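Working through the structure, step by step
For reference, the chains in residue letters:
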Amino acid sequence: MDELEVIRVRDEVLQAMYWMHSEAISTMPTAKELSQFLAVPDTVLVPFLERFVEDGLLEGESTSFYWLSPDGMEAGKRTFADEMADLTRPTHGECDADCWCHDSPEAAADCLHERTGKAHST
Amino acid sequence: MKEPEKPIPPDPPGAQILPKNFLRPCLLLLLREHPAHGYDLLERLRPLGFNRDDPGRLYRALRALEKDKLVRSVWEKSSAGPDRRMYELTRAGMEELHESVMSLKATGEILDLFISRYTEFVALRPTKKKSPANHD
């Protein structure tokens, strides 16, 4: 098994399983459900799932059902956030360094408030 | 996971015919209405002709939209369960939605003409509501 491929698949699987779990779609998917979810054949996916069980990221029940271990849960959430990090920064508004929201804590709070409805421009 | 994806099976007879890649503008529209979680989007896609049986398709579509910078997501803290991703539209997403709508509008006008010419010699009964088919 190519280790670079293992890392890539691991991130994809953990992120997908975290999303399924957090959206209450499935906390304990089967290999078939996961393969449909990720649009890859289950024969390709199962060896990776077993590897992630060995690595302590997943827990499983005789190659039927899989669920995230506490480490897997943490990794799934973290890698999901890391992958999209450039899209979610900066924290309030898509503003420049001289944006009015840096003028005071109140202005920063207003910016955050506005961001929930609409982004402001500088 | 290098094997090619399985081809999407043809629509069953009598299924609704929706434009190719219709899921994409639908998601942009739903997020234009308001930011939402995945589960909420799954529910709100139903009246637009998508069933709830394929959450993976929604997940992959959201990921693609996010990678294309049309959508962004942030964690929303939950006291009752795991944190969830909240999706919202970006300005680029708003612009792509508008372009898609103009294109769909032009398609709609052609379809209206097509149906109107057909109804010159066949009267059509009102369409019965069908259960949503699986489309993209």
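Residues numbered from 1 in each chain as written. Chains lettered and ligands numbered in written order. Predicted model: local features only at pLDDT ≥ 70, side-chain atom pairs only at ≥ 80, totals over all residues.

With that settled, the discussion passes to the overall build of chain B. If you tally the helices and strands in chain B, you get four helices and two strands. Mapped from its N terminus to its C terminus, chain B presents α and β elements in the order α-α-α-β-β-α. Per-residue burial for chain B yields a buried fraction of 24% across its 136 residues. (Helix = DSSP H or I, 4+ residues; strand = E, 2+ residues; numbered from the N terminus. Buried ≥ 20, exposed ≤ 12 C-beta atoms within 10 Å, placed from the backbone.)

Before going further, it helps to spend a moment on the interface of chain B and chain A. Residue-level contacts link 21 residues of chain B with 21 residues of chain A. Those elements that place two or more of their residues in the side of chain B that touches chain A are α2 (38-44), α3 (55-67), β1 (71-76) and β2 (84-89) of chain B. A per-element tally of the side of chain B that touches chain A places α3 of chain B first, with five residues. The residue makeup of the side of chain B that touches chain A, split by class, is seven nonpolar, five polar and nine charged. (Contact = placed C-beta atoms within 7 Å. Nonpolar A, V, L, I, M, F, W, Y, C, P; charged D, E, K, R; others polar.)

A separate point is the nonpolar core. As a rule of thumb, soluble globular proteins bury nonpolar side chains together. Membership of the largest hydrophobic core comes to 40 residues, with the highest contact counts inside it found for V13, A16 and M17 of chain A together with L27, L62 and V71 of chain B. Of the residues forming this core, the biggest block, eight residues, is contributed by helix α1 (residues 3-22) of chain A. Apart from residues lying up to four places away in sequence, A16 of chain A is in contact with F37 and L38 of chain A together with Y59 of chain B. (Core = buried A, V, L, I, M, F, W, Y, C linked by C-beta atoms within 7 Å.)

Moving on to the confidence of the model for chain B. Caution is warranted with low-pLDDT regions, since their predicted coordinates should not be read in detail. Residues and elements named next belong to chain B. In this model, chain B carries an average pLDDT of 85, and 82% of its residues clear a pLDDT of 70 or more. Averaged over each element, pLDDT in chain B is lowest for β1 (90) and highest for helix α1 (residues 23-33) (97). Across the whole predicted complex the pTM is 0.72, and at the interface the ipTM reaches 0.71. (pLDDT = per-residue confidence, 0-100.)

A word on unusual backbone geometry. Phi angles above zero are rare outside glycine, and A24 of chain A is one such case at about 60 degrees. For A24 of chain A, the position within the fold is in the loop between α1 and α2 (31-38). Backbone geometry at K69 of chain B places phi at a positive 65 degrees, although glycine is not the residue there. Looking at the element boundaries, K69 of chain B is found in the loop between α3 and β1.

A separate point is the packing of α2 of chain A against α3 of chain B. It is at 7 Å that the axes of α2 of chain A and α3 of chain B come closest, and there the two elements cross at 40 degrees. Taken together, the axes of α2 of chain A and α3 of chain B lie oblique to each other. Note that α2 of chain A runs across α3 of chain B; the crossing there is right-handed. Taking contact as the criterion, the partners of Q36, F37 and L38 of chain A in α2 of chain A are, on α3 of chain B, P55, G56 and Y59 of chain B. (Axes fitted to C-alpha atoms, helices over the stretch in contact; angles between N-to-C directions. Parallel < 35°, antiparallel > 145°, perpendicular 65-115°, else oblique. Left-handed = near helix turned anticlockwise from the far one by under 90°.)

Looking now at the environment of G56 of chain B. One can find G56 of chain B in helix α3. On the basis of neighbour counts, which here come to 20 C-beta atoms within 10 Å, the residue G56 of chain B falls in the buried class. Other than its neighbours up to four places away in sequence, G56 of chain B contacts Q36, F37, L38 and A39 of chain A.

Residues and elements named next belong to chain B. The terminal C-alpha atoms of α3, which comprises 13 residues, lie 18 Å apart, in line with the 18 Å expected from a rise of 1.5 Å per residue. Every buried residue of α3 is listed here: P55, G56, R57, L58, Y59, L62, L65 and E66. K69 sits one or two positions beyond α3 and adopts a positive phi of about 65 degrees. (Expected span 1.5 Å × (residues − 1).)

A few words on helix α3 (residues 42-54) of chain A. Residue and element names in this part refer to chain A. Look at α3: 18 Å from first C-alpha to last across 13 residues, which is about the 18 Å you get at 1.5 Å a residue. L45, F48, L49 and F52 are the residues of α3 that are buried. Looking straight down α3, one finds that the buried residues subtend no more than 105 degrees of arc, so they occupy a single side. Turned more than 90 degrees off the buried face of α3, the exposed positions are T43, P47 and E54. For α3, the elements touching its buried residues are α1, α2, β1 (58-61) and β2 (65-68). (Arc of directions from axis to C-beta.)

As a further point, take the confidence of the model for chain A. All names here are of chain A. The share of residues in chain A with pLDDT of 70 or more is 66%, and the mean pLDDT across the chain is 79. The spread of mean pLDDT over the elements of chain A runs between helix α5 (residues 85-88), the lowest at 54, and β2, the highest at 94. Below pLDDT 50 for its whole length, residues 89-93 participates in 12 contacts with residues either more than four positions away or in separate chains. Low pLDDT, under 50, characterises residues 118-122; the stretch is placed with nine contacts to residues that sit more than four places away or in other chains.

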